[in-house]
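Structural overview
One-letter residues, chain by chain:
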Amino acid sequence: MEKRPDFYKGVDISFLPQCLDAGMKVKDLDGKEMEPFDLLQKYGVNAVRLRIWHTPGNVPESGGYCDLAHTISMAEKIKKYGMQFMLDFHYSDFWADPGHQQKPKAWEGLEYRQLKDAVFAYTRDTLLALQEKGVLPDIVQIGNEIRSGLLFPEGELPDYAGMTGLVNEGIRAARSVADSSKMQIMIHLDQGGRYFYLKEWFQHAFEEGLMDFDLIGLSYYPFWHGTYTDLKETMERLVKDYGKPIMIVESAYAWRKCENGFIDEAQEKIAGFPASPEGQHKVLDLVNGIVASLPGQMGMGVFYWEPLCLPVNGVGAWAENMGLLDESGRVLEGIHAFEFTREKYDPMEWAKVYEPQEITVGTGKQVTLPEEVSVLLMNGTLQRKRVKWQTEASVSFEKSGSFVIQGLVQEKMLPVSVSVRVTESDAEKKNLLKDVNWDEGMVWWQTESSGEHLVAQIYPDFVEPYPAPPVNALRVEGKQKFSYRICQQVRIMEAGDYCFEVEMQGTDTTGVSVFLFVKTEKEEKKILVHPTEHGFVKCRLEGIRLDAEPVTVGVSISASPMYVMMRRFSFYRMQQGK
């Protein structure tokens, strides 16, 4: 095996053969056409990750790619360039992720014992075939994003015993081919910034006898998997708990906004950086810095998921704005993130100044502006810094509307702003929904759900000093893939523009869809929203033109394992001109 690098600067380029067959050309920053591996090596890439599907020919959409033959061909090139090779077993004929872990067609109908034997034989035989060609992986993943399990239904959680038995067969097979001095074994989960999910998985898996492995691999997409500080704290706690080095084996960010792109404006806001080449570059630098900041150099590196793809090559919405190539095939400035080294990065550099949350106030009412703002450092920590506003610290507005107040963060004189939303003080918004606090239970509400191990429960939150009545929140959580719908029927008495609001908190990841909807007999208006776990955020579907008619108002969820809390449902007629 090649000498292990001090810091893995990797890419998952499993799509590359498909893109090249479709005619993709890759160009350097100056527009000069380059061989893809030459380009990657030029800017410091030292590792490549490949996924392998069992029999992708069984799934026409796969095009037959990511099979053993393509893997061997790519692995030979990886080794030729002296790069590390990571192999990602999906144990499926096509995509595997928290919401999809479908067993290969060849294994359908097998009993559990037979399924374990198949995992062992397939893993061993694949690795032996690679070894025979001189391209044994340096790192092998036993499953892809297996937080919800693998090989459903036998390995689907919460059956940790069933899942662990299957994973152990993969580990045992890999160990039978090579020890950890030649090939390290990785367990890969999503939700890189959410310790509570990962701790639960490892705790139960070890209780069920999970065999020893070498590395923890995490997926971390900043628009799905928690804040940058969450990522840092999660990795630090996992290192302390299990003593395993950690890599981010999937990460990426958008370089532009576009109609068919992969993330929306809400997710851009959650990630905290603009969808631009500069924003993409900053996110990659930041994730590198956070991983490198782990004590004892236990943060081993970062892999970018599918950077070499073009919109014209038919590989889906991801290619529209999540790769590292523009539409002409020219590499973007984010490629410089692979020039990262532990020695050169400054952990105390300011990565971002967080602007305060929007302030809502009535006309004529005083609003006190915050004295400090949060600053994110390149190592993932937050510091509080004083800010000087270009107005008095306490200010009022006589007219309704939205206003922006500018200021400077004093230590480095960087610009910052705060938005103030001013509403008519005496304007009451009549809520047309009944019992939005669920004081009478679900009498006024209709619910539908599917999926086992789904819990929907009312949680009281005493947000006012006791003994004031609690504000209730409905927590919906699925341990497996699930759907949930809660709605209420309302009769509109007056035509006009209406708004539906819900405060939400929760988690997001691959395969999660949470919609607010308003449905009439003729049509349905809806908006996709993205809850995060850092406090309740008001989600809004507004400007809905309705006649005097019955409507159904609610929230629908279709998701891989996650949770969401909802409270303060409000459906009201918007005032003229507001």
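See the structure shown above.
In this text the structure is predicted, and so the values were computed from the model without any measurement.

Focus: the overall build of the protein chain
Of regular secondary structure, the protein chain possesses 10 helices and 28 strands. Its C-alpha atoms give the protein chain a radius of gyration of 26 Å, near enough to 25 Å, the size a compact globule of 578 residues would have. Referenced to the eigenvectors of the C-alpha coordinate spread, the extents of the protein chain come out at roughly 80 × 55 × 45 Å. Looking at the protein chain as a whole, 56% of its 578 residues qualify as buried. When contacts within the protein chain are restricted to residue pairs at least 6 apart in sequence, those whose partners lie at least 24 apart make up 75%.

Considering the pattern of salt bridges
The final tally for this structure, using the stated rule, is 38 salt bridges. Here Lys-479 ties to Glu-200 by a salt bridge, and the two come within 3.2 Å at their closest N and O atoms. Taken together, the residues Lys-479 in the loop between β21 (471-478) and β22 (482-491) and Glu-200 in helix α6 (residues 195-207) connect sequence positions 279 residues apart. According to the relative accessible area criterion, Lys-479 is partly exposed, its value standing at 33%. For Glu-200, a relative accessible area of 28% corresponds to the partly exposed category. Taking the shortest distance from any N to any O, the salt bridge between Arg-256 and Glu-327 comes out at 3.4 Å. Of this pair, Arg-256 sits in the loop between β9 (246-251) and α8 (265-271) while Glu-327 is found in the loop between α10 (318-321) and β11 (350-354), placing the two residues 71 residues apart along the sequence.

Focus: the nonpolar core
Residues Leu-127 and Trp-201 are the most contacted members of the largest nonpolar core, which totals 110 residues. Trp-201 has contacts with Ile-146, Arg-147, Leu-157, Tyr-160, Met-163, Ile-187, Leu-189 and Leu-210, leaving out every residue within four places of it along the chain. In this structure, Tyr-197, Val-502, Leu-516 and Met-562 belong to the second largest nonpolar core, which totals 37 residues.

A look at the packing of helix α7 (residues 228-242) against helix α9 (residues 277-292)
As a packed pair, α7 and α9 sit with axes 10 Å apart at the nearest point and diverge in direction by 25°. Taken together, α7 and α9 sit at an angle that is classed as roughly parallel. At the point where α7 passes α9, the crossing takes the right-handed sense. Of the residues in α9, those touching α7 at Tyr-228, Leu-231, Lys-232 and Met-235 are Val-283, Leu-286, Val-287, Ile-290 and Val-291. When the residues that make up the contact of α7 with α9 are grouped by side-chain class, the tally is eight nonpolar, no polar and one charged.

Some details on the packing of aromatic side chains
Tallying each qualifying case throughout the model produces 37 aromatic pairs. Each ring, one from Phe-15 and one from Trp-305, has its centre 6.2 Å from the other, and the planes form 75°; the classification is edge-to-face. Placement of Phe-15 in the loop between β1 (8-12) and α1 (16-21) and of Trp-305 in strand β10 (residues 299-305) is noted, with a sequence separation of 290 residues between them. Each member of the pair, Phe-15 as well as Trp-305, is classed as buried. An aromatic cluster is present here, built from Phe-15, Trp-53, Phe-94, Trp-95, Tyr-221, Phe-223, Trp-224, Tyr-253, Phe-262, Trp-305 and Trp-318 joined pairwise through their rings. The ring of Phe-515 carries Lys-526 above its face, with NZ or CZ at 4.5 Å from the centroid.

Criteria and cut-off values
- Residues numbered from 1 in each chain as written.
- Predicted model: local features only at pLDDT ≥ 70, side-chain atom pairs only at ≥ 80, totals over all residues.
- Heavy atoms only, no water.
- Helix = DSSP H or I, 4+ residues; strand = E, 2+ residues; numbered from the N terminus.
- Rg over C-alpha atoms; globule rule 2.2 N^0.38 Å.
- Buried < 20%, exposed > 50% of the residue type's maximum accessible area, 1.4 Å probe, protein only.
- Contact = heavy atoms within 4.5 Å.
- Salt bridge = Lys/Arg side-chain N within 4 Å of Asp/Glu carboxyl O.
- Core = buried A, V, L, I, M, F, W, Y, C linked by side-chain atoms within 4.5 Å.
- Axes fitted to C-alpha atoms, helices over the stretch in contact; angles between N-to-C directions.
- Parallel < 35°, antiparallel > 145°, perpendicular 65-115°, else oblique.
- Left-handed = near helix turned anticlockwise from the far one by under 90°.
- Nonpolar A, V, L, I, M, F, W, Y, C, P; charged D, E, K, R; others polar.
- Phe/Tyr/Trp six-rings, centres within 6.5 Å; stacked < 30°, edge-to-face > 60°.
- Lys NZ or Arg CZ within 6 Å of the ring centre and 35° of its normal.

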